[in-house]
Amino acid sequence: MPVAAPNGPMLIFDGDCSFCTTSAMWIEHRLPSGARVEPWQRLDLDAFGLTEADVTTAAYWVDERGRTYRGHRSIGKALMAAGGGWKPVGALVLIPPFSWLAALLYVVVAKNRHRLPGGTPACKLG
């Protein structure tokens with residue numbers, strides 16, 4: 001049964017991709033209780049205003065108000081939510097000029113996720 005909009009923050013990732021799943025589980029262990037990490041395949045995407053095309057090409061962070069953040073911004077928000085030493089790292093991901101580099105890095109990783117550790121042919125984008 002699909003999960004509707006969250007009561008707390010949530011990271012949405014591609015559960016068919018081993019690299020994405022491994023990365024999502026890494027952050028899940030660092031997030032505070034109340035924050036969730038869910039593969040898009042278990043969600044009602046309409047409840048988040050997302051499409052399958054959205055979530056198969058990038059991760060999304062959904063905040064408590066239902067606002068969505070795509071790609072590198074989702075990673076920055078997740079790192080900030082993890083707190084501790086990850087909070088300033090996440091903040092850097094969100095502010096220029098670091099955000100420009102983070103955006104580029106995110107695209108490179110996303111396009112090559114099938115080649116990265118834990119990646120499989122199922123991870124390859126379209």
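Going by the structure above, here's the rest.
These notes cover the structure that comes with them. (Residues numbered from 1 in each chain as written. Predicted model: local features only at pLDDT ≥ 70, side-chain atom pairs only at ≥ 80, totals over all residues. Heavy atoms only, no water.)

**What to know about the packing of aromatic side chains**
Stage number 1. Taken as a whole and assessed by the stated rule, the structure comprises one aromatic pair.
Stage number 2. With a centroid separation of 4.9 Å and an interplanar angle of 85°, the aromatic rings of W26 and W86 are classed as edge-to-face. Taken together, the residues span a long stretch of sequence, with W26 in helix α1 (residues 18-28) and W86 in helix α4 (residues 86-94) at a distance of 60 residues.
Stage number 3. The exposure class of W86 is partly exposed, given its relative accessible area of 35%.
Stage number 4. Geometry around Y69 places K77 over its ring, the cationic atom sitting 4.6 Å from the centre. (Phe/Tyr/Trp six-rings, centres within 6.5 Å; stacked < 30°, edge-to-face > 60°. Helix = DSSP H or I, 4+ residues; strand = E, 2+ residues; numbered from the N terminus. Buried < 20%, exposed > 50% of the residue type's maximum accessible area, 1.4 Å probe, protein only. Lys NZ or Arg CZ within 6 Å of the ring centre and 35° of its normal.)

**With respect to the layout of surface pockets**
Stage number 1. Counted as a void, the largest pocket has a volume near 640 Å³.
Stage number 2. If you trace the largest pocket, you find 26 residues lining it, with F19, S23, I75, Y106 and V109 closest to the centre.
Stage number 3. Listing elements by their share of the lining of the largest pocket, those giving two or more residues are β1 (10-13), α1, α3 (72-82) and α5 (98-111).
Stage number 4. Sort the elements by how many residues they give to the lining of the largest pocket and α5 lands first, with seven residues.
Stage number 5. Of the residues that constitute the lining of the largest pocket, the class distribution is 20 nonpolar, four polar and two charged. (1 Å grid on protein atoms, 1.4 Å probe; cavity = no way out; pocket = protein on both sides within 12 Å on 5 of 7 lines; lining within 4 Å. Points joined across faces, edges and corners; volume = space filled by probe spheres on them. Nonpolar A, V, L, I, M, F, W, Y, C, P; charged D, E, K, R; others polar.)

**Thoughts on the pairing of β1**
Stage number 1. Across the two faces of β1 the burial is the same, with M10 and I12 and L11 and F13 all buried.
Stage number 2. In the sheet, β1 pairs with strand β2 (residues 36-39) via four bridges, with the strands oriented parallel. Across the sheet, M10 pairs through a bridge with R36, a residue of β2.
Stage number 3. What joins β1 to β2 is α1, and the crossover it makes is right-handed.
Stage number 4. Of the strand pairs in this sheet, β1 and strand β3 (residues 60-62) are connected by three bridges, and their pairing is antiparallel. Paired with L11 across the strands is W61, a residue of β3. (Pairing = 2+ DSSP bridges. Right-handed = clockwise from strand over helix to strand, strands pointing away.)

**Considerations on the packing of α4 against α5**
Stage number 1. Direction vectors running N to C along α4 and α5 enclose 90°, while the axes themselves pass 5 Å from each other. Of the possible angle classes, the one that applies to α4 and α5 is roughly perpendicular. Between α4, through L92, V93 and L94, and α5, the contact on the second element is made entirely by F98, S99 and A102.
Stage number 2. A class-by-class count of the residues in the contact of α4 with α5 yields five nonpolar, one polar and no charged. (Axes fitted to C-alpha atoms, helices over the stretch in contact; angles between N-to-C directions. Parallel < 35°, antiparallel > 145°, perpendicular 65-115°, else oblique. Contact = heavy atoms within 4.5 Å.)

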